[in-house]
Amino acid sequence: PSRTFHLASALLPREKRWGARALYAFCRITDDTVDQAKTDPAGTLETWRRHVLDGRGRDDAPVLLAWSHARSIFRIPRIYMEQLIDGVGLDLTQHRYETFEDLAVYCYGVASTVGLMSMHIIGYSGPEAVPYAVKMGVALQLTNILRDVGEDWGRGRLYIPKEDRSIFGVTEKQIAEGRVDENWRRLMQFQIERVRKLYDESWPGIAMLNRDGQFAIAAAADLYRGILRSIEANDYDNFRRRAYVSMGGKLLKLPGIWRRLQRLRRTGASGT
């Protein structure tokens, strides 16, 4: 995600690019406090929360200083930062999800909040843009989840909802074994179709952003969506094979994304 973000954010004007990268650094450290803390991740996250929410920044913490400045310039609401930290904190206590609705709440916390903060950096037309940003955040996080099934299992986490797994006859034992069979493929096809629908439904919201930020967000969404095609190309083996889009592949896609954005600007249609 860092390479995709870096490429997409490079398409922003300088001040907004700076703000977006401060946001990314804030999100990255928030996530790492849970995934990489050697001892007491809950305490580490709470300490980070206090430092972030006091809004002052610190000379000895460049990310906090940069993020505090970006928050102030772009008037980013405190509530989204609180929701992000709460969402990341769920990984400390909740390792399974019963339904897609339950998982969507988690995706909102760890990803839709990032989209909502990004909207303040880029600028947007009004509250009508919010549901599109929420939906795109869910699509991006679900893409992560599908890509990282094996890695997450190694951390003791399984995000694919039990309700969905039951429909296709996929058990936790099968996931522990990393067994790719027809049941697993059908489950993955179902998940990928759902995520693509979310990407399609969120796409029109890009036209509600300030024009100088539209290409960056369109690129981020469409390049990340390419991971779904990589999962398919890997025959749905997201236990042993990591799905990704090469940098060359990303660069080759940019002209097509630009053309799709022009169609959206002209017609409001989502395109394909």
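For the structure itself, look to the data block above.
The structure reproduced in this document is the subject of the present report. The structure presented is a predicted model; accordingly, all values stated were derived computationally and were not measured.

## Description of the state of the cysteines
For step 1, the next point in the chain: A full pass over the atoms with the stated rule returns 0 disulfides.
For step 2, the next point in the chain: Cysteine cysteine 27 is unpaired, with the sulfur of cysteine 107 as its nearest cysteine sulfur at 15 Å.

## Details of the packing of aromatic side chains
For step 1, the next point in the chain: On inspection of all chains with the given rule, the structure shows 9 aromatic pairs.
For step 2, the next point in the chain: Here the aromatic rings of tryptophan 184 and phenylalanine 239 are separated by 4.8 Å at their centres, their planes lie at 35°, and the arrangement is tilted. Here the residue tryptophan 184 occupies a position in helix H11 (residues 182–202), and phenylalanine 239 occupies one in the loop between helix H12 (211–233) and helix H13 (247–267), the gap between them amounting to 55 residues. For the pair tryptophan 184 and phenylalanine 239, one class covers both residues: buried.
For step 3, the next point in the chain: Residue placement shows arginine 194 over the ring face of phenylalanine 100; its charged tip is 3.9 Å from the ring centre.
For step 4, the next point in the chain: Above the ring of tryptophan 203, the side-chain terminus of arginine 260 is found at 3.7 Å from the ring centroid.

## Details of the packing of helix H2 (residues 14–35) against helix H5 (residues 78–89)
For step 1, the next point in the chain: Packing of H2 against H5 brings their axes to within 9 Å, and their N-to-C directions diverge by 30°. When the interaxial angle is binned, H2 and H5 end up roughly parallel. When you trace H2 past H5, the crossing you get is right-handed. Where H2 approaches H5, its residues Phe26, Cys27, Thr30, Asp31 and Val34 are matched on the opposing element by Met81, Leu84, Ile85 and Val88.
For step 2, the next point in the chain: In the contact of H2 with H5, the residues fall into 7 nonpolar, 1 polar and 1 charged.

What counts and how
- Residues numbered from 1 in each chain as written.
- Predicted model: local features only at pLDDT ≥ 70, side-chain atom pairs only at ≥ 80, totals over all residues.
- Heavy atoms only, no water.
- Disulfide = S-S within 2.5 Å.
- Phe/Tyr/Trp six-rings, centres within 6.5 Å; stacked < 30°, edge-to-face > 60°.
- Helix = DSSP H or I, 4+ residues; strand = E, 2+ residues; numbered from the N terminus.
- Buried < 20%, exposed > 50% of the residue type's maximum accessible area, 1.4 Å probe, protein only.
- Lys NZ or Arg CZ within 6 Å of the ring centre and 35° of its normal.
- Axes fitted to C-alpha atoms, helices over the stretch in contact; angles between N-to-C directions.
- Parallel < 35°, antiparallel > 145°, perpendicular 65-115°, else oblique.
- Left-handed = near helix turned anticlockwise from the far one by under 90°.
- Contact = heavy atoms within 4.5 Å.
- Nonpolar A, V, L, I, M, F, W, Y, C, P; charged D, E, K, R; others polar.

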